[in-house]
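Fold and contact review
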Amino acid sequence: MAPSSSTFKPNPLSLSVPDPALDRWLRDSGYLDLLDSTASAPSSSASLPPSTAAAAAAASPTAGPSSGVAADVLSFARTLASLLALNPFARLSAADLAAPTPSWSLAFVGPPGAVSYSWPPTPTQARLRVQENVRRYARNYAALAILVFACCLYRMPMALLGMLASLAVWEGVRYCRDHWDLAPGIAQALLHCAQIATAILLYICNLQFALVYAIGLSYVVMMLHASLRKLTPSNLPDPGNRNRRRS
């Protein structure tokens, strides 16, 4: 009796979906948490059978903890470089800014007791996390940016006075144009004078430094949270539930 073959015959009913197509479908369907939960691609040595891996380890006795540390450092550097070169606002739209603000305690920070933060193991997952979290928590990041700017103004009273003085100048210009019958040339000259006065006030009071500090610190906080925060399942309707309820 001839031994049976160990390979399966082709089945026309079998389905084989390539990984890029599956990833694209998960992105379009909103199940990005499944992509984020998958671990990075295993190394070639990890995918080998135990006997082959043992033979490779015996053949190269010099490979030890130092090589593993070097691989980890290289992976960390690649992920960090991808984050520095990434545009976090590439997929941000007006609809994301108009959406309701997610919960600060449950959605933004994460539920208590759950592991909601981890370093992304691959540059692909880092880009995926940042772009999706920026879309989800855009209003939270905007509120944090306003809070950081307010703290910078509190630490720099001269900048706060300069901003208030600039607002007073433009309020005076608006009042003059609305209540006085100014000639077009005079109104244009008044507008240019207000612009010059605002530039002088901002330069003297160092308001530009407060803006730079607030923007830089807000960007760093946003990138840290967006890259470390794990993706959570989206609240998507399950079309199969209706079929199960009908049956």
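Residues numbered from 1 in each chain as written. Predicted model: local features only at pLDDT ≥ 70, side-chain atom pairs only at ≥ 80, totals over all residues. Heavy atoms only, no water.

The name given to the chain in an unreviewed UniProt entry is PRA1 family protein, with the source organism recorded as Urochloa decumbens. UniProt lists a comment for the chain under the heading Function (unreviewed entry), and it reads "May be involved in both secretory and endocytic intracellular trafficking in the endosomal/prevacuolar compartments." Under the heading Subcellular location (unreviewed entry), UniProt records this for the chain: "Membrane". (UniProt positions renumbered as here; feature names shortened; annotations may be inferred.)

For soluble globular proteins, nonpolar side chains are generally found buried alongside one another. Formed by Leu83, Leu86, Phe108, Ala126, Val130, Val134, Tyr137, Tyr141, Met222, Met223 and Ala226, the largest nonpolar core amounts to 11 residues. Broken down by secondary-structure element, the contributors of at least two residues to this core are helix H8 (123-136) and helix H12 (207-228). In contact with Val134, other than residues within four places in its own chain, are Pro88, Phe89, Leu92, Tyr141, Met222 and Ala226. In this structure, Cys152, Leu207, Ala210 and Ala214 belong to the second largest nonpolar core, which totals seven residues. (Core = buried A, V, L, I, M, F, W, Y, C linked by side-chain atoms within 4.5 Å. Buried < 20%, exposed > 50% of the residue type's maximum accessible area, 1.4 Å probe, protein only. Helix = DSSP H or I, 4+ residues; strand = E, 2+ residues; numbered from the N terminus. Contact = heavy atoms within 4.5 Å.)

What follows concerns the pattern of salt bridges. All chains considered together, the criterion is met by four salt bridges. Put simply, Arg174 and Glu171 hold a salt bridge, and the shortest N to O gap is 2.5 Å. Taken as a pair, Arg174 and Glu171 lie in helix H10 (residues 157-179) at a separation of three residues, close to a single helical turn. Here Arg174 falls in the partly exposed class, since its relative accessible area comes to 42%. The closest approach of N and O atoms between Asp178 and Arg174, which form a salt bridge, is 3.1 Å. Of the two residues, Asp178 and Arg174 both sit in helix H10, four residues apart, roughly one turn of that helix. Here the residues in one salt-bridge network are Glu171, Arg174 and Asp178, joined through shared partners. (Salt bridge = Lys/Arg side-chain N within 4 Å of Asp/Glu carboxyl O.)

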